[in-house]
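Observations on the three-dimensional arrangement
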There are 2 protein chains.
Amino acid sequence: MAEKRNSKDILIEAASRLFRIRGYYGVGLKDIIEESGIPKGSLYHYFPKGKEELAIEAISHTKEFVIDEIKRGFDEIEDPIKAIQSHIFHLSEVFGDSENLLGLPIGTIAAETYTTSEQIRMACQEAMEDWQSIYVKKLLEADFSEKRAKELSIVINALIEGGILLSLTAKNGEPLQTIAEQIPLLLINK
Amino acid sequence: MAEKRNSKDILIEAASRLFRIRGYYGVGLKDIIEESGIPKGSLYHYFPKGKEELAIEAISHTKEFVIDEIKRGFDEIEDPIKAIQSHIFHLSEVFGDSENLLGLPIGTIAAETYTTSEQIRMACQEAMEDWQSIYVKKLLEADFSEKRAKELSIVINALIEGGILLSLTAKNGEPLQTIAEQIPLLLINK
DNA sequence: GTCTATACGGTGATAGAC
DNA sequence: GTCTATCACCGTATAGAC
């Protein structure tokens, strides 16, 4: 996607990282300037409409980043149930390690900006749809019915978004771990 | 809980309503002043530490508000699976009606303030724990094992918090509806 | 194209009159 | 106890020099 590390890409990557951890309103332009090392004037040169425009591209970047993460895990494990379970286990483990490297669920950004920016909401929706498509594809490969795969992809997405919220609120990975353990029982019917 | 409608209670109720819809950073003191009709000076008289202190009491108020809602539904339906399913169906319906009267999941507030206020995070955690306790109790009454009831209460909470996030992001009640439909299949094992 | 200096509005917070 | 007037600060955004 990003062919060379020009100022614009550096800005998008920095913004993506920060929004992922502190949310939309939790990050100021000042923070993005500091994190990226790119001065404010340049930011407005590349993103004339300012924070909102940058956020939309940052969310799209986060979307791709997560797609890569999911796909990498899915390529290693053939069974969809085990693969999804492993993905959630992985999320739960990230908590134990380094504070909050995991970050917030994407739905949080949508929720924050729900009343102020329709475009940001749509960028978040696109991300969710793409992620769910990966789950659907994986389930179809294992002979789940089309209808069931679609339904389960929503359930899985909700469990992940909600599970992250729970683990964040409780400040430990246990809720996500419990959810991961339940996955085989939850997704037993094809 | 609130014995008379004094200024303090009016402030808490107004703040609870606003935070529930727009989140912590989405609501300014100005909004709370306007919504409640109580002047700023009085706000600082009752809540010397300002917005954070008021938010903690507002979250606690929201907690009780939701407890009442869940319990009311649960008293009507004996079967825990049906009761939980009905609760989520109800949430999905609120979306169709009046824009975003439903509001954000409580975990969103925790996520927003995760890096800035430990106390707000804890207030959110208490709310989640209380809600989960109600699910546990309901499941135990229907002969689910203690261990299983505890696990499922986490799964249910994640499905609700995540489901709200999904419906909010998609701007319609379908994700919550799909989740509600899956509940019987998901919680089949005791 | 890149960066600096500055403007402007809104935020949470406070002092002090009534 | 209640409210008004005002503060200092930080947020986004812009103008214009290099």
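Predicted, not measured: the structure shown is a model, and the values here were computed from it. (Residues numbered from 1 in each chain as written. Chains lettered and ligands numbered in written order. Predicted model: local features only at pLDDT ≥ 70, side-chain atom pairs only at ≥ 80, totals over all residues. Heavy atoms only, no water.)

1. Quick notes on the interface of chain B and chain A
What counts is decided by this rule: Only heavy atoms matter for contacts: two residues are in contact if any of them lie within 4.5 Å across the pair. We define buried area as the total accessible area lost by two parts upon association, computed with a 1.4 Å probe and summed across both. A carboxyl oxygen of Asp or Glu within 4 Å of a side-chain nitrogen of Lys or Arg is what we treat as a salt bridge. Think of a polar contact as two N or O atoms within 3.5 Å of one another; within protein, one of them needs to be a possible hydrogen donor and the other a possible acceptor, and neighboring residues in sequence only count if both atoms come from side chains. Amino acid classes used here: Ala, Val, Leu, Ile, Met, Phe, Trp, Tyr, Cys and Pro are nonpolar; Asp, Glu, Lys and Arg are charged; the rest, including Gly, are polar.
Facing the 42 residues of chain B at the interface are 42 residues of chain A. Across the interface of chain B and chain A, roughly 3,800 Å² is buried in total on both sides, 71% from carbon and sulfur atoms. Here chain B and chain A share two salt bridges between them. Residue A:E118 is joined to B:K171 by a salt bridge in which the shortest nitrogen-to-oxygen separation is 2.9 Å. Across the contact surface, chain B and chain A share eight residue pairs in polar contact (both at pLDDT 80 or more). Of the residues that constitute the side of chain B that touches chain A, the class distribution is 21 nonpolar, 13 polar and eight charged.

2. Quick notes on the UniProt feature "DNA-binding region" (unreviewed entry) in chain A
To keep things clear, this is the line we draw: UniProt positions are given in the numbering used here, feature names are shortened, and annotations may be inferred rather than shown by experiment. Helical segments are the DSSP runs of H or I of at least four residues, strand segments are the runs of E of at least two, and each set is numbered from the N terminus.
The positions that UniProt labels "DNA-binding region" (unreviewed entry) are, in the present scheme, residues 28–47 of chain A. Annotated as 75% helix and 0% strand, the span residues 28–47 of chain A places its first and last C-alpha atoms 15 Å apart.

3. Structural notes on the protein's contact with DNA strand C
Defined as follows: Whether a residue is near a molecule or strand is decided by its heavy atoms; if any one of them lies within 4 Å of it, the residue is near.
Near DNA strand C lie 13 residues; those nearest to it are A:Y46, B:L29, B:K40, B:Y44 and B:K51. Backbone atoms, meaning sugar plus phosphate, form 57% of the atoms of DNA strand C positioned within 4 Å of the protein. Here a phosphate oxygen of DNA strand C sits 2.6 Å away from a polar atom, N or O, in the main chain of B:L29. Between DNA strand C and B:K40, the relevant distance is 3.0 Å, taken from a base nitrogen to a side-chain nitrogen or oxygen of the residue.

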